[in-house]
Amino acid sequence: MQSKDEKYMKEAIRQAKKAYGIGEVPIGCVIVYEDKIIGRGYNRRTIDKNTLAHAELAAIRKASRKMGDWRLEGCTMYVTLEPCQMCSGAIVQSRIPRVVIGCMNPKAGCAGSILNLLRMEEFNHQAEVTTGVLEKECSQMMKDFFKELRKAKKEKKDKEQNKKADAE
Ligand SMILES: [Zn+2]
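Note that the coordinates shown come from a computational prediction; the quantities given were computed from them, not determined experimentally.

(A) Quick peek at the nonpolar core. The biggest cluster of nonpolar side chains holds 43 residues, and the ones touching the most others in it are Met 9, Ile 31, Met 77, Ile 96 and Val 99. Listed by contribution, the elements that provide at least two residues to this core are α1 (4–21), β1 (28–33), β2 (36–42), α3 (55–67), β3 (75–81), α4 (85–93), β4 (98–103) and α5 (135–167). Filtering out sequence-adjacent residues up to four positions away, Ile 31 remains in contact with Lys 36, Ile 37, Ile 38, Gly 39, Ala 59, Ile 60, Ala 63, Leu 72, Cys 75, Thr 76, Met 77 and Ile 96.

Put into structure tokens, the structure is as follows:
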């Protein structure tokens, strides 16, 4: 039987796949309160041309609207990739008590990789962090995306070179 964490991580993966479908880096997020999803989000940074369009911020915005409060006490965030510094900051600011992460992001993650903004005692709020939930699925999705992206870039470049060769 799947655990509750796995159940909701699957929902976050479903969100990530929406991003994948529109050519965005596949990162998805859901926020759960009393066993109900109250906020969903997926990465739309390129399409929205907005660095604030991260999955976590979209989910926080929706969850806050639903709760009628900027405080998301009692909520759990499920996110397919370790949050960046901006989103980790928003997690602390919104007082989310627990964050469940699919795979880590060694180059940009701020929930344990580069630093852990969620566990700093100097701040007035810390979140409990669970990592590695459906890790393989989450990281495979990223690998597939970047592999396809590289392939598409290479094909484009080859095409351009062929065109150039034809013209010469
Ligand atoms: Zn972020």
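Picking up where we left off.
(B) Representation of the environment of Ser 94 within the structure. Tracing the sequence through the fold places Ser 94 in the loop between α4 and β4. For Ser 94, a relative accessible area of 4% corresponds to the buried category. Those residues in contact with Ser 94, other than ones at most four positions away along the chain, are Ile 60, Trp 70, Arg 71, Leu 72 and Glu 73. At a separation of 3.3 Å, a polar atom in the side chain of Ser 94 contacts the main-chain carbonyl oxygen of Ile 91.

(C) Expanded view of unusual backbone geometry. A positive phi angle, near 65 degrees, is found at Asp 35, a position not held by glycine. By the element assignment, Asp 35 lies in the loop between β1 and β2. Residue Asp 35 is classed as partly exposed on the basis of its relative accessible area, which comes to 40%. Unlike most non-glycine residues, Arg 95 shows phi in positive territory, near 65 degrees. Examined against the element boundaries, Arg 95 turns out to sit in the loop between α4 and β4. Look at Arg 95 and you get partly exposed, because its relative accessible area is 22%.

(D) Main features of the pattern of salt bridges. Counted under the stated rule, the structure contains seven salt bridges. For the salt bridge of Asp 35 with Lys 4, the shortest nitrogen-to-oxygen distance reads 3.4 Å. Highlighted residues: Asp 35 in the loop between β1 and β2 and Lys 4 in helix α1, separated in sequence by 31 residues. Its salt-bridge partner being Asp 69, residue Arg 71 comes within 3.3 Å of it at the nearest N-O pair. Classification of Arg 71 by relative accessible area gives partly exposed; the value is 34%. Three or more residues are tied together by salt bridges with common partners; here these are Asp 5, Arg 98 and Glu 128.

(E) The arrangement of the coordination of the zinc ion in detail. Taken together, His 54 (ND1), Cys 84 (SG) and Cys 87 (SG) make up the protein donors of the zinc ion, found 2.0 to 2.4 Å from the metal. When the donor residues of the zinc ion are listed from N- to C-terminus, their spacing reads H-x29-C-x2-C. Residue Cys 87 is classed as buried on the basis of its relative accessible area of 0%.

(F) Broad picture of the sheet that holds β4. Across the sheet, five strands lie side by side as β2-β1-β3-β4-β5; this open sheet has mixed pairing. Where the open sheet ends on each side, the last strands, each with one partner, are β2 and β5 (128–130). Within this sheet the neighbouring strands show an average axis-to-axis angle of 20 degrees, counted without direction. The pairing of β4 with β5 spans three bridges and is classified as parallel. Bridge pairing links Arg 98 to Glu 128 in β5.

(G) Main features of the packing of aromatic side chains. According to the stated counting rule, one finds three aromatic pairs in the structure shown. Ring geometry for Tyr 20 against Phe 145: centres 5.5 Å apart, planes inclined by 85 degrees, an arrangement best described as edge-to-face. Of the two residues, Tyr 20 sits in helix α1 while Phe 145 sits in helix α5, which places them 125 residues apart along the sequence. For Phe 145, a relative accessible area of 6% puts it in the buried group. Site record: aromatic cluster; members linked through ring pairs are Tyr 20, Phe 145 and Phe 146.

Calculation notes
Residues numbered from 1 in each chain as written. Predicted model: local features only at pLDDT ≥ 70, side-chain atom pairs only at ≥ 80, totals over all residues. Heavy atoms only, no water. Core = buried A, V, L, I, M, F, W, Y, C linked by side-chain atoms within 4.5 Å. Buried < 20%, exposed > 50% of the residue type's maximum accessible area, 1.4 Å probe, protein only. Helix = DSSP H or I, 4+ residues; strand = E, 2+ residues; numbered from the N terminus. Contact = heavy atoms within 4.5 Å. Polar contact = N/O pair within 3.5 Å; in protein donor to acceptor, adjacent residues only side chain to side chain. Salt bridge = Lys/Arg side-chain N within 4 Å of Asp/Glu carboxyl O. Donors = N, O, S within 2.8 Å, 3.2 Å for Na, K, Ca; no water. Pairing = 2+ DSSP bridges. Axes fitted to C-alpha atoms, helices over the stretch in contact; angles between N-to-C directions. Phe/Tyr/Trp six-rings, centres within 6.5 Å; stacked < 30°, edge-to-face > 60°.

Note that all results are geometric; they support no functional claim without further evidence.
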